[in-house]
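Take a look at the letters that make up each chain.
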Amino acid sequence: MNSDRGNLDFDNGGSAVNQCSDCWRDGDSFEPRDSVKGDVARMIFYMAVRYEGGDGFANLEPNESVNNNTAPYIGMLSVLKAWSAGDPPDAFEKRRNERIHAQWQHNRNPFIDHPEWVTSIWP
Ligand SMILES: [Ca+2]
Ligand SMILES: [Ca+2]
Ligand SMILES: [Ca+2]
């Protein structure tokens, strides 16, 4: 999925993407299939709070644009919020979060544990 997305922002619509069932893309945005929309959004939200400009990484932040290209911003915030609300964490996503927590550096995605924090941080 990542290679299909490239540097595109996230938004609804576009044309069907080859070899990616129910994925859509146009010149400035990518839309994954419904069952992973929330997963994708929570990953972005996690990166947004994880990357705050330290450790040689840019301060990644979500915004309301589909023309971010390589800038450290990812849109569309309103669409990502809708995707997160429409596809809440399921057993599979929670298990993956537990596994990542156990195996890799004890990082976990707080938005999988607390999806309600999305609207607390980005009202
Ligand atoms: Ca678009
Ligand atoms: Ca999902
Ligand atoms: Ca950030």
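Use the structure listed above.
Enquirer: Account for the coordination of the calcium ion (ligand 1), naming residues and giving values.
Expert: Around the calcium ion (ligand 1), the protein supplies Asp26 (OD), Asp26 (OD), Asp28 (OD) and Ser29 (OG) as donor atoms, at distances of 2.2 to 2.6 Å. Donor residues for the calcium ion (ligand 1) sit on one chain with the sequence pattern D-x1-D-S. With a relative accessible area of 1%, Ser29 lands in the buried category.

Enquirer: Please set out the nonpolar core residue by residue, giving values where relevant.
Expert: Considering soluble globular proteins, one finds that nonpolar side chains tend to be buried as a cluster. The biggest cluster of nonpolar side chains holds 24 residues, and the ones touching the most others in it are Phe10, Phe30, Phe45, Leu80 and Trp122. For this core, the elements supplying multiple residues, two or more each, are α2 (34–50) and α3 (77–86). The element contributing the most residues to this core is α2, with seven residues. Residues contacting Leu80, with those up to four places away along its chain left out, are Phe10, Ala41, Ile44, Phe45, Ile74 and Gly75.

Enquirer: I'd like to hear about the environment of Ala48, residue by residue, with values.
Expert: Here Ala48 is to be found in helix α2. Given the relative accessible area of 1%, Ala48 is considered buried. Along the chain, Ala48 and Glu61 lie 13 residues apart, while their C-alpha atoms are 4.9 Å from each other. Once residues within four sequence positions are removed from consideration, Ala48 is found in contact with Asn59, Leu60, Glu61, Pro62 and Trp122.

Enquirer: Give a description of the side chain of Asp87 that names residues and reports values.
Expert: Tracing the chain through its elements places Asp87 in the loop between α3 and α4 (91–103). Within the buried set, Asp87 has no salt-bridge partner at all; the shortest N-O distance to an opposite charge, 4.3 Å, is to Arg42. Those residues within four positions of Asp87 in sequence are excluded, and the remaining contacts are Asp34, Ser35, Val36, Lys37, Gly38, Asp39 and Arg42.

Enquirer: Can you lay out the packing of α2 against α3 for me, pointing to particular residues and giving the numbers?
Expert: Orientation of α2 relative to α3, taken along the N-to-C sense of each, is 125°, at an axis distance of 7 Å. As the angle between them shows, α2 and α3 are arranged oblique. Crossing handedness for the pair α2 and α3: left-handed. Every residue of α3 that contacts α2 at Lys37, Gly38, Ala41, Arg42, Ile44 and Phe45 is listed here: Leu77, Leu80, Lys81, Trp83 and Ser84.

Parameters at a glance
- Residues numbered from 1 in each chain as written.
- Chains lettered and ligands numbered in written order.
- Predicted model: local features only at pLDDT ≥ 70, side-chain atom pairs only at ≥ 80, totals over all residues.
- Heavy atoms only, no water.
- Donors = N, O, S within 2.8 Å, 3.2 Å for Na, K, Ca; no water.
- Buried < 20%, exposed > 50% of the residue type's maximum accessible area, 1.4 Å probe, protein only.
- Core = buried A, V, L, I, M, F, W, Y, C linked by side-chain atoms within 4.5 Å.
- Helix = DSSP H or I, 4+ residues; strand = E, 2+ residues; numbered from the N terminus.
- Contact = heavy atoms within 4.5 Å.
- Lys, Arg positive; Asp, Glu negative; His and termini not counted.
- Salt bridge = Lys/Arg side-chain N within 4 Å of Asp/Glu carboxyl O.
- Axes fitted to C-alpha atoms, helices over the stretch in contact; angles between N-to-C directions.
- Parallel < 35°, antiparallel > 145°, perpendicular 65-115°, else oblique.
- Left-handed = near helix turned anticlockwise from the far one by under 90°.

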